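Fold and geometry: a report
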Amino acid sequence: MTVHAKLAAAGLILAAVLAGCSPGGDGKAGDGSATAPSVAAVSDIRTFHIGALEAVALQDGELDVHNDNQTLGLGHTPQEVAAVLTAAALPDDPIHLFIDPLLIHDGDRQVLIDTGAGGAMGTGNKLVQSLASAGVEPGQITDILISHSHGDHVGGLVDTAGALRFPRAVIHISAAEWAFMQGDTAMVDLVRTITPRVRTFTPGEVVVPNITAVDIRGHTAGHTGFEIVSGTERLLYIGDAMHHSVISVERPEWPIAFDADSPTAIASRQALLQRAASQNLRLYGYHFPFPGVGHVKREGDGFVWVPET
Ligand SMILES: [Zn+2]
C-alpha cells in the first residue's frame, strides 16, 4: 500500500470511528455561546510559563472512541485495552481523548498551535470561547502552527461558513504535510481557503522565533512536533505522536488506527518516550487530559505519564 493509500485508509477509519462516537460529557455548554456558565469561562484555560514566554492550554472539546479494537490497540482485544485503563483507574469504554490547542504569547506574536476540530467529530467547538478566556480574539492571532492535517487539528482554521477564522494569521505547515493535504480530495475547500495564508517549513527550521519544528514521523506524511524554548526552559509539543496518556505511554508498541505508517509511528513513539524520560523533557500532549502538560517517567520496563499539577 502506498503512503497515500494508507493515509486515505487511516482517514476513512478515523471518520468512521468518530462518526459513531459521542462527545465527551463534562456537563458544560459546548457551543461557545454567550450563555455558557461563567465558571466554564474561567476554567477552560490554564496558563503556565516556558522561561519568559506565557503559554495557555486551551480547550476545543473532547471526543470518545469506543474500546472496540478499531482504534487504539489494534490487534489487541478490548479486554487487554480495558486492563491497561482499569489499572490506571480509568473507565474502560469509551476511551476519552481531549483536544487541547496551545497558545503562546511572545511579545507582539500570538501563536496558536493546532486549531481543534471546528465542531466536527461531535466535539464542542469551544476554541474561540477558550481563546476569549485567555483575552485573545481570533483577529489577534498572528501565527498558526499546524502539526498535521487531520480534521481535529485543522478543522478550526475556518468557521461554520467556511471563512478563515483567524484572518490575520500566517498558517505554518510542513512542506510534506502541505503537499499531502493539497492532494486530499476531502480537503479541497479548506485548501483553497487557506492557500493565501500558508507558509511551509521543513523539520529543524525555526518556524517563528523561539519555536522550532521537530520531525516526528509516522502519524502522517509530514507530522511535526514543535519545541518551544525560552532561556533554559523548553517544552516539546508532541502533536499526535501519542494520543492517550495511558495507552500510548504505557503501550507505545500497540498500533493505532490513526497512524498512517504504523511501524514508523511506533518507532517514533518509543524513541520520544526514551528521550523524554532520559532528558526529563517537559511535554505537551494535545489529546492528553487537560491541560496536557507533564513529564514521562520510567516505571518498571516502561513509562508512565506524570501530569503537572
Ligand atoms: Zn489528533
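Since this is a predicted model, take the numbers as computed values, not measurements.

Along the chain, the regular secondary structure elements total nine helices and 16 strands. Sorting the 309 residues of the chain into buried and exposed places 53% on the buried side. Within the chain, contacts between residues at least 6 apart in sequence are counted, and of these 69% link residues at least 24 apart. Element-wise, carbon and sulfur atoms account for 55% of the exposed surface of the chain, whose accessible area totals about 12400 Å².

Our next topic: the pattern of salt bridges. Where charged atoms of side chains with opposite charge meet at close range, the side chains can pair. Scanning all chains against the criterion turns up nine salt bridges. Across the salt bridge formed by K126 and E62, the nearest N and O atoms sit 3.7 Å from each other. Within this pair, whereas K126 is found in the loop between strand 6 (109-113) and helix 4 (127-133), its partner E62 is found in strand 3 (residues 61-65), the two being separated by 64 residues in sequence. Residue E62 is classed as buried on the basis of its relative accessible area of 6%. Here the salt bridges do not stand alone but share partners, grouping E227, R234 and R275 into one network.

This part covers the sheet that holds strand 11 (residues 211-215). Ordered by their spatial adjacency, seven strands build an open sheet running 10-11-12-13-14-15-16, and the pairing between neighbours is mixed. Strand pairing shows two members of the sheet lacking a second neighbour, strand 10 (206-208) and strand 16 (302-307), which therefore form its edges. Looking at chain direction, strand 10 and strand 11 are connected through two bridges and run antiparallel. If you follow V208 over to strand 11, its bridge partner there is I211. Along the sheet face, helix 9 (residues 262-278) touches strand 12 (224-230), strand 13 (233-237), strand 14 (283-284), strand 15 (293-299) and strand 16 and points at about 95 degrees away from the line of strand 15.

Conventions and cut-offs
- Residues numbered from 1 in each chain as written.
- Predicted model: local features only at pLDDT ≥ 70, side-chain atom pairs only at ≥ 80, totals over all residues.
- Heavy atoms only, no water.
- Helix = DSSP H or I, 4+ residues; strand = E, 2+ residues; numbered from the N terminus.
- Buried < 20%, exposed > 50% of the residue type's maximum accessible area, 1.4 Å probe, protein only.
- Contact = heavy atoms within 4.5 Å.
- Areas by Shrake-Rupley, 256 points an atom, 1.4 Å probe, with all protein chains shown as cover.
- Salt bridge = Lys/Arg side-chain N within 4 Å of Asp/Glu carboxyl O.
- Pairing = 2+ DSSP bridges.
- Axes fitted to C-alpha atoms, helices over the stretch in contact; angles between N-to-C directions.

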